[in-house]
Structure formats: structure tokens, C-alpha cells
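Structure assessment
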Amino acid sequence: MQVAKILIVDDAKFMRKTLSGLLTENNYEIVGEAADGHEAVSQFRKTEPDIVFMDITMPHMDGLAALKEIITQDPNAKVIMCSAMGQQRIVMQAIELGAKDFITKPFEDARVIETVERILN
């Protein structure tokens, strides 16, 4: 079975490390990390991940702008948005822009894995 390649985008190093650890433990390959939207778009081109975990609130270019660019490059891109509680309006906007799902922070490990598996299948 092919191992899914994942790109993690979050301005908080701690969040990238936490998500990376969880996904690696569950046999997913982390092909890149980015701390802002510009880096995310560049890493997406370079690494061609199966799934992108994208934070919404980041410096330089936020997650929604990066999502737009990624979907423009690859309409089939599978992007999971990560948001803090209470950002429902932004989450709906992300879904309209092409995000496949969202998880709220702080996230539950089981929810993260379940979301990845559902989106891959």
C-alpha cells in the first residue's frame, strides 16, 4: 500500500511538531512543513503531497489565500484546514474555496487520523 505524503502548514512550530509526530506514528510520510502561506504554496509545488494540513491564521499569507492558490494550481488538491474554535464563518469560506474538511484546535488525535483516512479513500 502506498504511504500518503503530507504537508503540514502552521506558523506555530509546536503545532507542526505535534501533528508531524501523530501522523508519522500512524505511518504517514511528512514531505514538508511550512510556517506561512507563501512557503505552503512553494512546498506544495515541490513536494506534491496527497494531503495538506493548513492553518488559517498565519503571517505574510493566511491559510485561505494559500488554499486559493493551491486549488488554482491543482483543483484536486486535498487540503484540511485547521482552525481555533469559533472561526465558523472562516471555516465555511474555506470549504467553499475547496478545502476537503477542517479540524479544530486543539485537535483530538483520533479525529485527525479519521479525517485523513476518509479523505484519502
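Everything numeric here is computed off the predicted structure, so don't read it as measured data.

Observations regarding the overall build of the protein
From N to C terminus, the protein includes 5 helices and 5 strands. On C-alpha atoms alone, the protein measures out to a radius of gyration of 13 Å, which is about the 14 Å that the 2.2 N^0.38 rule sets for 121 residues. Principal-axis analysis of the C-alpha atoms gives the protein an extent of 35 × 30 × 25 Å. The burial tally for the protein puts 47% of its 121 residues in the buried class. Partitioning the intrachain contacts of the protein with sequence separation of at least 6 by distance along the chain shows that 61% fall at a separation of at least 24. For the protein, the exposed surface amounts to about 6400 Å²; the carbon and sulfur share of it is 52%.

Let's talk about the UniProt feature "modified residue: 4-aspartylphosphate" (unreviewed entry) in the protein
Under the UniProt annotation, "modified residue: 4-aspartylphosphate" (unreviewed entry) lies at Asp-55. Tracing the backbone through its elements, the reader meets Asp-55 in strand S3 (residues 51-55). On the basis of relative accessibility, which here comes to 5%, the residue Asp-55 falls in the buried class. Not counting residues within four places of it along the chain, the set of residues in contact with Asp-55 comprises Val-9, Asp-10, Asp-11, Gly-63, Met-81, Cys-82 and Lys-105.

Quick look at the pattern of salt bridges
Tallied over the full model, the rule gives 7 salt bridges. We note a salt bridge from Glu-33 to Arg-16, for which the minimum N-O separation is 3.1 Å. In this pair, Glu-33 sits in strand S2 (residues 29-34) while Arg-16 sits in helix H1 (residues 13-25), placing the two residues 17 residues apart along the sequence. Residue classification places Glu-33 among the partly exposed positions, given a relative accessible area of 31%. For Arg-16, a relative accessible area of 10% gives the class buried. Through salt bridges with shared partners, a single ionic network connects Asp-101, Arg-111, Glu-114 and Arg-118.

What counts and how
- Throughout this description, residue numbers start from 1 for each chain and increase along the sequence as written.
- For this predicted model, a pLDDT threshold of at least 70 governs which residues receive local features, and a threshold of 80 or more governs which side-chain atom pairs are given and counted, while totals over whole chains, interfaces and linings are taken from all residues.
- As a rule here, side-chain values cover all heavy atoms of the structure and leave hydrogens and water aside.
- The secondary structure listing takes helices from DSSP runs of H or I that are at least 4 residues long and strands from runs of E that are at least 2 residues long, numbered from the N terminus.
- Both definitions apply: the radius of gyration is a C-alpha atom measure, and the globule rule equals 2.2 Å times residues to the power 0.38.
- Exposure is judged per residue with a 1.4 Å probe applied to protein chains only, and the accessible area is read against the type maximum: over 50% gives exposed, under 20% gives buried, and values in between give partly exposed.
- Working rule for contacts: check all heavy atoms of both residues, and any pair within 4.5 Å makes them a contact.
- The Shrake-Rupley method, run with a 1.4 Å probe sphere, supplies the accessible areas, and residue values consider only the shown protein chains as cover.
- UniProt positions are given in the numbering used here, feature names are shortened, and annotations may be inferred rather than shown by experiment.
- Just to be clear on terms, a salt bridge is a Lys or Arg side-chain nitrogen sitting within 4 Å of an Asp or Glu carboxyl oxygen.

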